[in-house]
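Residue-level structural notes
Listed below, chain by chain, are the residues.
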Amino acid sequence: EAAVTQSPRNKVTVTGGNVTLSCRQTNSHNYMYWYRQDTGHGLRLIHYSYGAGNLQIGDVPDGYKATRTTQEDFFLLLELASPSQTSLYFCASSDFNQDTQYFGPGTRLLVL
Amino acid sequence: GDSVTQTEGPVTLSEGTSLTVNCSYETKQYPTLFWYVQYPGEGPQLLFKVPKANEKGSNRGFEATYNKEATSFHLQKASVQESDSAVYYCALTQNSNNRIFFGDGTQLVVKP
């Protein structure tokens, strides 16, 4: 089974702060994704990537940057965090044409 | 565009009763349909998927039939258990872009 890990698991920052969320997958999947999960909105796609150096824009990208440094590692960057970005963030990965996504355990971010 | 609409939660049931979570979808192509489940404190995980119209998927006593004519994929279980308490997501994907479109999720609460 696919293994996706995220760090940190919990993070508190202040408005205007700089935050980096990390995701690593160890199953050689091509695709990686960042979602946010909020009550009443389900899972919303922020950014995704189909390989190192590639970035695709999702449905709610404003205020977020992302970078895929290797096949294994995908980072989500909040350079000027705002309270509206308080959320539960999930990373996921999938293989090309396999379509099933495997999710990490999530990072809970609180922006004060 | 592609979209998924499912039963609003929370749905509260007693153990041993039957469950139906409605899911309807819109897409111009031929999708693969999924049900994902998210237990408290965890990331979503695949419950099952059905790539072909008029076929049925099943796992852990849950089942759903891909109804192309009605564009529906309703989740059913004959007798729920307290351990089924979770959030259930209906989703679809088109292999052309490896994106998954999720519904807003339905929280199921099963009381003993």
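A few points on the structure. What you see is a predicted model, and the numbers here were worked out from it, not measured in a lab. (Residues numbered from 1 in each chain as written. Chains lettered and ligands numbered in written order. Predicted model: local features only at pLDDT ≥ 70, side-chain atom pairs only at ≥ 80, totals over all residues. Heavy atoms only, no water.)

Notes on the packing of aromatic side chains
Residue and element names in this part refer to chain A. Applying the stated rule across the entire model yields 17 aromatic pairs over all chains. Their ring planes at 65° and their centres at 5.9 Å tell us that Y64 and Y89 sit as a pair that is edge-to-face. Taken as a pair, Y64 in the loop between β6 (56-57) and β7 (65-68) and Y89 in strand β9 (residues 87-94) lie far apart in primary sequence, 25 residues in all. Of the residues examined, Y64 reaches a relative accessible area of 7% and is grouped as buried. Relative accessible area serves as the criterion here: at 0%, Y89 is assigned to the buried category. When the ring of F90 is compared with that of F103, the centres are 6.4 Å apart and the planes differ by 80°; the resulting orientation is edge-to-face. Residue F90 is found in strand β9, and its partner F103 is found in strand β10 (residues 102-103); the two are separated by 13 residues along the sequence. For F90, a relative accessible area of 0% translates into the label buried. The exposure class assigned to F103 is buried, which follows from its relative accessible area of 12%. (Phe/Tyr/Trp six-rings, centres within 6.5 Å; stacked < 30°, edge-to-face > 60°. Helix = DSSP H or I, 4+ residues; strand = E, 2+ residues; numbered from the N terminus. Buried < 20%, exposed > 50% of the residue type's maximum accessible area, 1.4 Å probe, protein only.)

What to know about the interface of chain B and chain A
Facing the 19 residues of chain B at the interface are 24 residues of chain A. Of all residues in chain B, B:N98, B:R99 and B:F102 bury the most surface against chain A, accounting for 37% of the area lost on that side. Counting every contact that joins chain B to chain A gives one salt bridge. Residue A:D59 is joined to B:R99 by a salt bridge in which the shortest nitrogen-to-oxygen separation is 2.7 Å. Taken together, the elements giving at least two residues each to the side of chain B that touches chain A come down to β5 (32-38), β6 (45-50), β10 (86-94) and β11 (99-102) of chain B. The residue makeup of the side of chain B that touches chain A, split by class, is seven nonpolar, eight polar and four charged. (Contact = heavy atoms within 4.5 Å. Buried area = accessible area lost by both parts, 1.4 Å probe. Salt bridge = Lys/Arg side-chain N within 4 Å of Asp/Glu carboxyl O. Nonpolar A, V, L, I, M, F, W, Y, C, P; charged D, E, K, R; others polar.)

A few points about the pairing of strand β1 (residues 3-6) of chain B
Residues and elements named next belong to chain B. Judged by which residues are buried, β1 turns out to be one-sided: V4 and Q6 face inward and are buried, whereas S3 and T5, on the alternate face, are not. Inspection of the sheet shows β1 paired to strand β4 (residues 23-26) by four bridges, in the antiparallel sense. Opposite Q6, over in β4, you have C23 as the bridge partner. (Pairing = 2+ DSSP bridges.)

Re the nonpolar core
B:L19, B:W35, B:L47, B:F48, B:F73, B:L75 and B:Y88 are the most contacted members of the largest nonpolar core, which totals 27 residues. Of all the secondary structure elements, the ones that give two or more residues to this core are β2 (11-14), β3 (19-21), β4, β5, β6, β8 (62-65), β10 and β12 (106-111) of chain B. Ranked by residue count, the leading element in this core is β10(B), at four residues. Grouped together as the second largest cluster of nonpolar side chains are 17 residues, A:V19, A:L21, A:M32 and A:Y64 included. (Core = buried A, V, L, I, M, F, W, Y, C linked by side-chain atoms within 4.5 Å.)

Section: the state of the cysteines
By the definition in use, this model includes two disulfides over all chains. Across the disulfide, A:C23 is cross-linked to A:C91 (sulfur-sulfur distance 1.9 Å). With the S-S dihedral at roughly -75°, the linkage between A:C23 and A:C91 falls on the left-handed side. On the criterion of sequence distance, the pair formed by A:C23 in strand β3 (residues 19-25) and A:C91 in strand β9 is long-range, its members being 68 residues apart. Across the pair, A:C91 and A:C23 agree in class, each one buried. With a sulfur-sulfur separation of 1.9 Å, B:C23 is cross-linked through a disulfide to B:C90. Negative torsions about the S-S bond denote left-handed disulfides, and the value of about -65° found for B:C23 with B:C90 makes this one left-handed. (Disulfide = S-S within 2.5 Å.)

Quick look at the sheet that holds strand β9 (residues 75-77) of chain B
All names here are of chain B. The strand order across the open sheet formed by four strands is β3-β9-β8-β7, and the pairing between neighbours is antiparallel. In this open sheet, the two edge strands, each paired with only one partner strand, are β3 and β7 (56-59). Strand-to-strand twist of the sheet, defined as the mean angle between neighbouring strand axes without regard to direction, takes the value 20°. Sheet topology note: the β3/β9 ladder contains three bridges and is antiparallel. The partner of V21 across the bridge, within β9, is L75. (Axes fitted to C-alpha atoms, helices over the stretch in contact; angles between N-to-C directions.)

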